[in-house]
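Fold and contact review
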Amino acid sequence: MWHTAGKGMRGEDSTPADFACDVMLEHIPNLPSFDIIDPCAGAGGPIPFLEPALNRKLRDGGAAPVRFVMSDLWPSLERWAAISHRSEHITRKPGKKECRIYNLCFHHFDDPDAQLVLRSAIESSDTFVIFEMTNRTLTAFLNTTFLMLSPFLTTLVWFRNFPLHIFFTNVIPLVPLMFAVDGYVSCIRGRTNRELEELLRRQKDLDLSVWEFSSGETKVLPPFGVMYWYVGVKKGD
Ligand SMILES: C[S@@+](CC[C@H](N)C(=O)[O-])C[C@H]1O[C@@H](n2cnc3c(N)ncnc32)[C@H](O)[C@@H]1O
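Computed from a prediction, not measured in an experiment: that's the story for all the values here.

Some remarks on the site of the ligand
Around the ligand, the structure places 14 residues, and the nearest of them are Cys40, Gly42, Gly45, Asp72 and Asn103. One nitrogen or oxygen atom from the main chain of cysteine 40 is found 2.9 Å from a nitrogen atom belonging to the ligand. The backbone of leucine 73 places a nitrogen or oxygen atom 3.2 Å from a nitrogen atom of the ligand. When the free accessible area of the ligand is taken as 590 Å², the share hidden by the protein chains comes to 71%. Comparing atom positions with the cavity grids shows the ligand to sit within the largest pocket. Tallied by class, the residues present in the shell around the ligand amount to 9 nonpolar, 4 polar and 1 charged.

Remarks on the packing of helix H1 (residues 16-27) against helix H2 (residues 47-60)
At their nearest, the axes of H1 and H2 sit 9 Å apart, and the two run at 50 degrees to each other. The angle between the axes of H1 and H2 places the two elements in the oblique class. As H1 runs across H2, the sense of the crossing is right-handed. Contacts between H1 and H2 involve Ala17, Asp18, Ala20, Cys21, Asp22, Met24 and Leu25 on the former and, on the latter, Phe49, Leu50, Ala53, Leu54, Arg56, Lys57 and Leu58.

A short note on the sheet that holds strand E6 (residues 97-103)
Pairing within the open sheet is mixed, and its 7 strands lie in the order E5-E4-E3-E6-E7-E9-E8. Every other strand in the sheet has two partners, leaving strand E5 (90-91) and strand E8 (211-221) as the edge strands with one partner each. Taken strand by strand, H2 contacts strand E3 (34-38), strand E4 (67-70), E5 and E6, and its axis lies near 165 degrees from that of E4. Across the sheet, helix H4 (residues 111-124) is in contact with E6, strand E7 (127-132), E8 and strand E9 (225-234); its angle to E6 comes to roughly 160 degrees.

Things to note about the domain arrangement of the chain
Along its sequence, the chain is organised into domain 1 (6-135 + 191-234) and domain 2 (137-189). In this structure, domain 1 and domain 2 have C-alpha centres spaced 26 Å apart. Every contact between the two is made by 14 residues of domain 1 and, on the other side, 12 residues of domain 2. For the domain 1 and domain 2 pair, buried surface summed over both sides reaches about 1000 Å², with 54% attributable to carbon and sulfur atoms. For the domain 1 face of the interface with domain 2, the top three residues by lost area are His107, Asn135 and Phe224, together amounting to 53%. Between domain 1 and domain 2 we count 0 salt bridges in total. On the surface where domain 1 and domain 2 come into contact, there are 7 residue pairs in polar contact (both at pLDDT 80 or more). Grouping the amino acids of the side of domain 1 that touches domain 2 by side-chain chemistry returns 6 nonpolar, 6 polar and 2 charged.

Thoughts on the layout of surface pockets
In this structure, the largest pocket spans a volume of roughly 1700 Å³. Looking at the largest pocket, it is lined by 50 residues, and the ones nearest its centre are Met1, Leu104, Leu147, Phe179 and Asp182. Breaking the lining of the largest pocket down by element, the ones donating at least two residues are helix H5 (138-158) and helix H7 (174-189). Of the residues contributing to the lining of the largest pocket, the split by class is 28 nonpolar, 18 polar and 4 charged.

Here we look at empty space enclosed by the protein
The full count for this structure, using the stated rule, is 1 cavity of 30 Å³ or more. For the largest cavity, the calculated volume is near 50 Å³. Looking at the largest cavity, the residues that line it are Met70, Trp80, Ser84, Ile90, Thr91 and Arg92. Looking at the lining of the largest cavity, the elements with two or more residues in it are helix H3 (77-85) and E5. Of the residues belonging to the lining of the largest cavity, the class tally is 3 nonpolar, 2 polar and 1 charged.

Cut-offs applied
- Residues numbered from 1 in each chain as written.
- Predicted model: local features only at pLDDT ≥ 70, side-chain atom pairs only at ≥ 80, totals over all residues.
- Heavy atoms only, no water.
- Near = heavy atom within 4 Å.
- Polar contact = N/O pair within 3.5 Å; in protein donor to acceptor, adjacent residues only side chain to side chain.
- Areas by Shrake-Rupley, 256 points an atom, 1.4 Å probe, with all protein chains shown as cover.
- 1 Å grid on protein atoms, 1.4 Å probe; cavity = no way out; pocket = protein on both sides within 12 Å on 5 of 7 lines; lining within 4 Å.
- Sits in = over half its atoms within 2 Å of the grid points.
- Nonpolar A, V, L, I, M, F, W, Y, C, P; charged D, E, K, R; others polar.
- Axes fitted to C-alpha atoms, helices over the stretch in contact; angles between N-to-C directions.
- Helix = DSSP H or I, 4+ residues; strand = E, 2+ residues; numbered from the N terminus.
- Parallel < 35°, antiparallel > 145°, perpendicular 65-115°, else oblique.
- Left-handed = near helix turned anticlockwise from the far one by under 90°.
- Contact = heavy atoms within 4.5 Å.
- Pairing = 2+ DSSP bridges.
- Domains from an automatic or database assignment.
- Buried area = accessible area lost by both parts, 1.4 Å probe.
- Salt bridge = Lys/Arg side-chain N within 4 Å of Asp/Glu carboxyl O.
- Points joined across faces, edges and corners; volume = space filled by probe spheres on them.

Right, here's the structure in full:
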């Protein structure tokens, strides 16, 4: 989905990966002074798309590249090795200031854990950014339905020479069922930006005085796909 043709911040042709880069470039001052740490990287998620896109934009603007570091509760070491093999800017060892990035994963945390994750970001990182496409809004549920139904068509086009793919999609619809369960559960567990803000503000002992927060939502994959982003930046960094 990250490299699917869609729309950008101002309605221009773009991809969700390019859009995410533009959010970071616009809202995180001096981005090259950070390493970008993905604590819930899974099998890499958008990192193989974000890294070249972001560093191309930085290079075009005459700036130094940023490095990405992947981490996860369940590390996909083989996948990460393959991904980092393709780019010198994807590494295992952070060195600079820390920008934590949460790509379509923050809904995995229940409220107590999410509060702790935010607390940790405030207390021990310099910047964080959360991207989500699922929450309890009508458009998110419609987008999930759209994604769930799309394999019925795309499998026949992209995987027409793979009988097993077709069997488990169009005959016994296991793939759409998996998309449905994952997508609707993610919608139910997902948070709006206002709910994220509330998780931060309710922690009264957290010193937010040196932090600036910005957030927004943009329809990056018409007709229903809205990307929600939330950025926290430590002032003076
Ligand atoms: C929906 S996947 C997203 C993966 C990747 N960011 C992507 O876009 O494809 C959520 C990821 O969060 C990871 N995760 C869940 N709870 C975690 C935790 N407490 N600490 C670190 N990673 C966690 C899971 O292992 C999983 O890889």
